[in-house]
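The primary structure of each chain is shown beneath.
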Amino acid sequence: MAKMLKEGASYSQREVVDLLVEFSSFKDRVQKKFKVLANELDGKNNEHDLWVNLYLISSDYAEEANVKRHKQVQADSMQKIS
């Protein structure tokens, strides 16, 4: 999630909707990847591949979230400069 929810903070309806849309999109991507992964592992007994793929999924998401966070910080900085 590009913005982490903080205890005691208030969020606009738009921010909450954006957060839910982002999470839903992430959930859909993970479900799709797990379906592909399940098909690949069907009939195979290879736990190592499962853990490698889980790591790749989580690192992809972490990288994507970091890029979004960086872009948001840059956008915020540009607005402050303007």
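Right, let's walk through the structure included here. (Residues numbered from 1 in each chain as written. Predicted model: local features only at pLDDT ≥ 70, side-chain atom pairs only at ≥ 80, totals over all residues. Heavy atoms only, no water.)

### A closer look at the overall build of the protein
Counting its regular elements, the protein contains 2 helices and 0 strands. The buried share among the 82 residues of the protein stands at 11%. Roughly 7000 Å² of accessible area belongs to the protein as shown, and the carbon and sulfur atoms make up 57% of that amount. (Helix = DSSP H or I, 4+ residues; strand = E, 2+ residues; numbered from the N terminus. Buried < 20%, exposed > 50% of the residue type's maximum accessible area, 1.4 Å probe, protein only. Areas by Shrake-Rupley, 256 points an atom, 1.4 Å probe, with all protein chains shown as cover.)

### Some details on helix α1 (residues 13–41)
Within an α-helix, residues lying three or four positions from one another point in the same direction, as the helix has 3.6 residues per turn. With 29 residues, α1 should cover 42 Å at 1.5 Å per step; its first-to-last C-alpha distance of 41 Å lies within 8% of that length. Listed as buried for α1 are L19, E22, F26, V30, L37 and L41. Tucked inside the fold, the buried residues of α1 contact α2 (47–81). One or two positions beyond α1, positive phi appears at G43, with a value near 85°. (Expected span 1.5 Å × (residues − 1). Contact = heavy atoms within 4.5 Å.)

### Considerations on α2
The first and last C-alpha atoms of α2 sit 51 Å apart over 35 residues, in line with the 51 Å expected at 1.5 Å per residue. Those residues of α2 not exposed but buried are I57, Y61 and A65.

### Looking at the nonpolar core
If you look at the biggest cluster of nonpolar residues, it comprises 5 residues: F26, V30, I57, Y61 and A65. Where this core is concerned, the elements lending two or more residues are α1 and α2. Dropping the residues within four chain positions of it, I57 is found in contact with V30, K33 and F34. (Core = buried A, V, L, I, M, F, W, Y, C linked by side-chain atoms within 4.5 Å.)

### A closer look at the packing of aromatic side chains
Applying the stated criterion to the full structure yields 1 aromatic pair. Pairing F26 with Y61 gives two aromatic rings, centres 3.9 Å apart and planes at 40°, and the pair type is tilted. Remark: Y61 occurs in helix α2 and F26 occurs in helix α1; sequence separation between them is 35 residues. As far as burial versus exposure is concerned, F26 and Y61 are alike and both buried. (Phe/Tyr/Trp six-rings, centres within 6.5 Å; stacked < 30°, edge-to-face > 60°.)

### Comments concerning the pattern of salt bridges
Scanning all chains against the criterion turns up 5 salt bridges. R14 is paired through a salt bridge with D18; the nearest N and O atoms lie 3.2 Å apart. With R14 and D18 both in helix α1 and 4 residues apart, the pair spans about one turn of that helix. For R14, a relative accessible area of 57% puts it in the exposed group. Overall, D18 belongs to the partly exposed group, its relative accessible area being 37%. We note a salt bridge from K68 to E64, for which the minimum N-O separation is 3.6 Å. Here K68 and its partner E64 are both found in helix α2, 4 residues apart, which amounts to about one turn of the helix. A relative accessible area of 27% means that E64 is categorised as partly exposed. By sharing partners, the salt bridges in this structure join R29, E64 and K68 into a single network. (Salt bridge = Lys/Arg side-chain N within 4 Å of Asp/Glu carboxyl O.)

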